[in-house]
Amino acid sequence: MAGHSRRRFLGYLLAAPTLAVAVPVGEEFAMPGEASAALPSNPEIADLLDLSDLLNLAAAPTSGLVAVGVQADGTVSFALPRAEVGQGITTAVTMLIAEELDIGMDKVRVTLADARPELLCNQLTGGSNSMHSIYHPVRAAAAIARLALLDAAAGQWGTDASRLTITEGVISGPGGRSAPLGSFAKAAAGTRTKQLSAEPKKRPSLIGTPQSRIDAHDAVTGRKQFTMDLRVPGALPTMVCRGPHINAGVGSVRNLAEVRAMPGVTDIAVISTGVAVRANTTTHCIDAVRALRVDWRGGTVDGETDASVRAELRAITPPMPPPMPGAETIDLEVDFAFASNSALETNCAIADVRPDRAEIWAALKAPIPAHNEIAAKAGLLPTAVRVHVVQGGGSFGRKLFHDAALEATEASKAMGKPVKLMWHRTDDFRHGRVHPMSTSKIRLNHSGENVLSYEQRHMATQLDLGHGFGDAITSMLDKLPVADLTFNQVFFLTTQAMPYDFGITNQTLHEVPLKFHTSSMRNVYSPNVTGAREIAVEMLAKKLGKDSLELRRSFAKEERVRAILDKVAELGEWGKEMPPGTAQGIGIHVEYKSCCAVLVEIDCRPETVHRPVEEEGVTGPRVMRATVAVDVGVPVNPRGLEAQMLGCVNDGIGLVLTESLHMDRGLPLEGSWDNFFYTRQWNTPLDVRVFVMPKTTEEPGGAGELGVAATVGAVACAYGRATGTMPTSFPINHGTLSFEPLPRVPPIPQSPTDGLEHTF
Amino acid sequence: MPEHSFILNGNRVSVDTEDNVRVLWVLRDLLGVTGPKYGCGINVCKACTCHINGKAFNPCSVPISAIKPSDEITTIEGLADQRSGKLHPMQEAWLEHDVAQCGYCQPGQIMAAVALVRKARAAGTELDDAELDKLRNICRCGTYTRIREAIHTGAKNM
Ligand code: FES
Ligand code: FES
């Protein structure tokens, strides 16, 4: 929905001691009438109405207010109704406020808002939607605050506001008068709430310039606080003993009294996910968890292994329409294994549940549904519960859920004491959420260089979109011109944009309702769906004897896509001479009103594939170089965008080459970072270059997940070109188990004691 | 409960706890020093990396009983110059390259980087790509390339 040009912003001057301006979030985009009228019958809905729009539309009717406050000391505060999990949203929002008010970024204090149930669908951080949804409201609030400050100064100085300027937080006017903007914070405050409007700056000077993260100093000094770093009186370390299968419940505990008497242990309680132990230190918790003898009830997927799940996916694969008469076809089936979206910070939360109230601290991307469920679990009215959103140590889809917050609530209630509950890493891999296993089946009909149709059937184990997106999407289901779709299918349709003009295009989703713990993983369906599509495009180029970049260019629907292809071709030296066993590969992805192209160079020569790594780990082919071009419409902070693309590249490499979960009788075998092979230093490219395209639209698109799918396509295609065989099963090393699995019982490993033998 | 004493970021500290409690939890749970992060507890992720007597170690895998009263432990909180507050050149390099994303792994990354540079210096070896490949610290946000660039910058100024 491009095409908004400059507009006046509406907001409210609040009755408050110092200046405070509130604006609605979401309202700017409220135009469901237009959207549905424009929808085509061909279900390429993502081209017209993507997930970002859907989330904004869902938010529109309930749009709560967000407020910018100006204090007398010249600082400006804003409680952001979004989560910061490393993606840099707090830095970008700081820039927007500093921009409109002409103050230094160090004068802006962005905090994360507590759960605000009145915001309904408007406190969701997901679908790379944050910048898109918050860009105009935040600029509006700051622009109105600027207006109010200038009016107040003009009043005191007996001049006209139009004759005043703000530079670095200082208001200047005729006759050399000047004063810091904070000195008008009181005078500018409303005595009654009234409506005001303002225009954003015509020529932004800060937006679009590279800025470092506002929390960089805290991060490098150890001062940045995550949930487990907070000091809540009485909240002692708490861990949970979990079963040998996913969702196994506690039958009975044989040695409860014995474990309760262990040193340091203060409390033990059976909760719905296992046996919770609270103790003086985490070591005491680990010892107690390992000592527990529990009889477990069955879980929900006890019999399932990789092979059985794969067979179920094959079984629900609908037949492809027959080849078009006279047409040639390219047929392809691409498999992806389960993968873990475990962040480096494991699932964790602090809970203090009292008989009459509760307080929770956790990194939550969907704090409102969390708030409601926590209240229900605590047996309290939602109004008696406070949920604080803490900065997260990564998310990758995990923090859309509040598994640890619910457990902490249950444990604190059962024990009658505050708890600081943390998942062990092994649990985080085995019982934490996973990205679904999938098979994508593609049939492309073409007649020579003319592509007539593109069919893609995507089969996957069911994805849990329930907590975060669920509410937003369910509220929109009846407003979409598509009948009988589950909300997962709606989600699929609104995220899978097709960047190529491939004639009649039909992409559908088919899920097997198996009860794994699932969630998105730095993108919901796209890495797998786009990866498979890019392989098909590569096969088409090969069959036609065409240059694969040129082929993508010629079929690209949008000029923006051609521009990023040209950019990576130029910077990445597309087509350069490469030694045998090495190759370039390219992939593109379009989503969230943004697009991204990735060009990689891979080395599949035996000496590289078998390079040694000290201790445990896998090597294999190495991506040596990656070049990324990204177009997000309005790049707010290019340095932050580069960082996100860098992360996306490493995620994509892992998904294609090394990282997966092996499901075995209802539990992943992986239990450590030396089992689940996320990209490590010895597998990362030595040279990554990201080019951020200058502004192309008026709406900032999403970027946090965008680069993963393009990288998956690029690495897979490069591998195919380097080895002469196009891979169709990912990651390519999934067939070999490269580690000795940890035992299932006890559920977590003991910490070693020989650390001093490994100093360096 | 046995009393354990050691030097933490230049100050003598003591704690009463069982012998087997790992140093990471002495720091985090008992002393409230939260710069070193938990990422695995089994000496794999390296998020907890600190220094002992100037060398990198992983406190999640060392029982407090193995620490002597004369041992000096440095966490990320103690890396900057304790008197002037001036950041260590490696921290400065991290700022210059805007390395951190979520930041969770970064205290461990910086402590490991400082030790790696010192080790290479002592051995008179070059900090080349092969040496950097040996760093085992996980960064799930994927900041690896910026980490490598920052280490080169930091090394120059150390
Ligand atoms: S927590 Fe110490 S190495 Fe992972
Ligand atoms: S910055 Fe997030 S794990 Fe490294």
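None of these values were measured; they are calculated from a predicted model.

1. Comments concerning the overall build of chain B
Right, so step 1: Along its length, chain B carries five helices and five strands.
Right, so step 2: By its C-alpha atoms, chain B is 45 × 30 × 30 Å across when sized along the principal axes.
Right, so step 3: Counting only residues that meet the buried cut, chain B has 67% of its 158 residues in that class.
Right, so step 4: Considering only contacts in chain B between residues 6 or more positions apart, those separated by 24 or more positions represent 56%.
Right, so step 5: Of the roughly 5,400 Å² of accessible surface on chain B, 47% is carried by carbon and sulfur atoms.
Right, so step 6: Both charge centroids of chain B, one from 18 positive and one from 18 negative side chains, sit 3 Å from each other.

2. As for the packing of aromatic side chains
Right, so step 1: Under the defined criterion, the tally for this structure stands at 13 aromatic pairs over all chains.
Right, so step 2: Geometrically, the ring pair formed by phenylalanine 429 of chain A and phenylalanine 676 of chain A is tilted, given 5.4 Å between the ring centres and 40° between the ring planes. Note that phenylalanine 429 of chain A is positioned in helix 12 (residues 425-430) and phenylalanine 676 of chain A in the loop between strand 29 (667-668) and strand 30 (687-692), a separation of 247 residues in sequence.
Right, so step 3: Relative to phenylalanine 502 of chain A, the ring of tyrosine 454 of chain A lies with its centre 5.9 Å away and its plane at 35°, an arrangement referred to as tilted. In this pair, tyrosine 454 of chain A is assigned in strand 23 (residues 450-461) and phenylalanine 502 of chain A in the loop between helix 14 (487-495) and strand 24 (504-512), connecting sequence segments 48 residues apart. Phenylalanine 502 of chain A carries the same exposure label as tyrosine 454 of chain A, and that label is buried.
Right, so step 4: Here the aromatic residues Tyr454, Tyr500, Phe502 and Phe555 of chain A are joined through ring pairs into a cluster of three or more.
Right, so step 5: Between the NZ or CZ atom of arginine 425 of chain A and the centre of the ring of phenylalanine 429 of chain A, over which it lies, the distance is 5.6 Å.
Right, so step 6: In this arrangement the basic side chain of arginine 140 of chain B is found over the ring face of phenylalanine 396 of chain A, its NZ or CZ atom lying 4.1 Å from the centre.

3. Looking at the layout of surface pockets
In this approach a probe as big as a water molecule rolls over the atoms, and the regions it shows empty are the leftover space.
Right, so step 1: Estimated volume of the largest pocket: approximately 860 Å³.
Right, so step 2: Residue assignment for the lining of the largest pocket shows that the elements contributing at least two residues are strand 4 (55-57), helix 3 (106-123) and helix 4 (129-133) of chain B.
Right, so step 3: When its residues are assigned to classes, the lining of the largest pocket shows 15 nonpolar, nine polar and 14 charged.
Right, so step 4: Taken as a whole, the second largest pocket spans an internal volume of roughly 570 Å³.
Right, so step 5: If you trace the second largest pocket, you find 26 residues lining it, with Asn247, Thr273, Asp403, Arg433 and His517 of chain A closest to the centre.
Right, so step 6: The dominant element in the lining of the second largest pocket, judged by the number of residues it contributes, is helix 11 (residues 403-415) of chain A, at four residues.
Right, so step 7: Partitioned by chemical class, the residues of the lining of the second largest pocket number six nonpolar, 12 polar and eight charged.
Right, so step 8: Taken domain by domain, the lining of the second largest pocket gets at least three of its residues from each of domain 2 (227-300 + 347-422) and domain 3 (308-339 + 433-737) of chain A.

4. Describing the sheet that holds strand 2 (residues 11-16) of chain B
Residue and element names in this part refer to chain B.
Right, so step 1: Within the open sheet, the five strands sit side by side as 2-1-5-3-4. Their pairing is mixed. Edge positions in the sheet fall to strand 2 and strand 4, since each has one partner strand and no second. Pairwise comparison of adjacent strand axes, ignoring direction, gives a mean angle of 40° for this sheet.
Right, so step 2: Where helix 1 (residues 23-30) meets the sheet, its contacts fall on strand 1 (3-8), strand 2, strand 3 (50-52), strand 4 and strand 5 (72-74), and the angle it forms with strand 1 comes to roughly 85°.
Right, so step 3: Set on the sheet, helix 3 makes contact with strand 3, strand 4 and strand 5; between it and strand 3 the angle comes to about 45°.

5. A few points about the domain arrangement of chain B
Residue and element names in this part refer to chain B.
Right, so step 1: Domains assigned within chain B are domain 1 (3-76) and domain 2 (89-157).
Right, so step 2: Placing a centre on the C-alpha atoms of domain 1 and another on those of domain 2 gives a separation of 21 Å.
Right, so step 3: Counting from both sides, the interface comprises 15 residues of domain 1 and, opposite them, 13 residues of domain 2.
Right, so step 4: Summing both partners gives a buried area of about 1,100 Å² for domain 1 against domain 2, and 64% of it is carried by carbon and sulfur.
Right, so step 5: Among the residues domain 1 hides against domain 2, the three largest losses belong to Lys46, His51 and Ile76. Together they make up 42% of the total.
Right, so step 6: Linking domain 1 with domain 2 are zero salt bridges.
Right, so step 7: Applying the counting criterion to the domain 1 and domain 2 interface returns five residue pairs in polar contact (both at pLDDT 80 or more).
Right, so step 8: Classifying every residue of the side of domain 1 that touches domain 2 gives seven nonpolar, six polar and two charged.

6. Section: empty space enclosed by the protein
All names here are of chain A.
Right, so step 1: Enumeration over the complete set of coordinates arrives at 11 cavities of 30 Å³ or more.
Right, so step 2: Here the largest cavity defines a volume of roughly 670 Å³.
Right, so step 3: Lining of the largest cavity is provided by 46 residues; of these, Gln87, Gly88, Gln644, Ala703 and Gly704 occupy positions nearest its centre.
Right, so step 4: For the lining of the largest cavity, the secondary-structure elements that each account for two or more residues are helix 4 (89-101), helix 5 (130-157) and helix 19 (638-658).
Right, so step 5: Broken down by element, the residue count for the lining of the largest cavity peaks at four residues, all from helix 19.
Right, so step 6: Counted by class, the lining of the largest cavity contains 17 nonpolar, 23 polar and six charged residues.
Right, so step 7: Space inside the second largest cavity adds up to approximately 120 Å³.
Right, so step 8: Lining of the second largest cavity is provided by 16 residues; of these, Asn347, Cys348, Ala363, Phe401 and Ala404 occupy positions nearest its centre.
Right, so step 9: Examining the composition of the lining of the second largest cavity, we find that three residues originate from one element, helix 11, more than from any other.
Right, so step 10: Residue composition of the lining of the second largest cavity, by class: eight nonpolar, four polar and four charged.

7. Looking at the environment of threonine 728 of chain A
Residues and elements named next belong to chain A.
Right, so step 1: Relative to the helices and strands, threonine 728 resides in the loop between helix 20 (706-723) and strand 31 (729-730).
Right, so step 2: Along the backbone, threonine 728 and glycine 704 are 24 residues apart, and their C-alpha atoms lie at a distance of 26 Å.
Right, so step 3: Aside from chain neighbours lying at most four places away, what touches threonine 728 is Leu332, Glu333, Val334 and Asp335.

8. What about the sheet that holds strand 25 (residues 582-591) of chain A?
Residue and element names in this part refer to chain A.
Right, so step 1: With respect to topology, four strands assemble into an open sheet ordered 25-26-27-30, the strand pairing being mixed. If you trace the sheet from one side to the other, it starts and ends with strand 25 and strand 30, each paired once. Shown here is a sheet whose adjacent strand axes are inclined to one another by a mean of 10°, direction ignored.
Right, so step 2: Relative to strand 26 (residues 594-603), strand 25 runs antiparallel, the two sharing 10 bridges. If you follow threonine 582 over to strand 26, its bridge partner there is aspartate 603.

Rules of the game
Residues numbered from 1 in each chain as written. Chains lettered and ligands numbered in written order. Predicted model: local features only at pLDDT ≥ 70, side-chain atom pairs only at ≥ 80, totals over all residues. Heavy atoms only, no water. Helix = DSSP H or I, 4+ residues; strand = E, 2+ residues; numbered from the N terminus. Buried < 20%, exposed > 50% of the residue type's maximum accessible area, 1.4 Å probe, protein only. Contact = heavy atoms within 4.5 Å. Areas by Shrake-Rupley, 256 points an atom, 1.4 Å probe, with all protein chains shown as cover. Lys, Arg positive; Asp, Glu negative; His and termini not counted. Charge placed at Lys NZ, Arg CZ, Asp CG, Glu CD. Phe/Tyr/Trp six-rings, centres within 6.5 Å; stacked < 30°, edge-to-face > 60°. Lys NZ or Arg CZ within 6 Å of the ring centre and 35° of its normal. 1 Å grid on protein atoms, 1.4 Å probe; cavity = no way out; pocket = protein on both sides within 12 Å on 5 of 7 lines; lining within 4 Å. Points joined across faces, edges and corners; volume = space filled by probe spheres on them. Nonpolar A, V, L, I, M, F, W, Y, C, P; charged D, E, K, R; others polar. Domains from an automatic or database assignment. Pairing = 2+ DSSP bridges. Axes fitted to C-alpha atoms, helices over the stretch in contact; angles between N-to-C directions. Buried area = accessible area lost by both parts, 1.4 Å probe. Salt bridge = Lys/Arg side-chain N within 4 Å of Asp/Glu carboxyl O. Polar contact = N/O pair within 3.5 Å; in protein donor to acceptor, adjacent residues only side chain to side chain.

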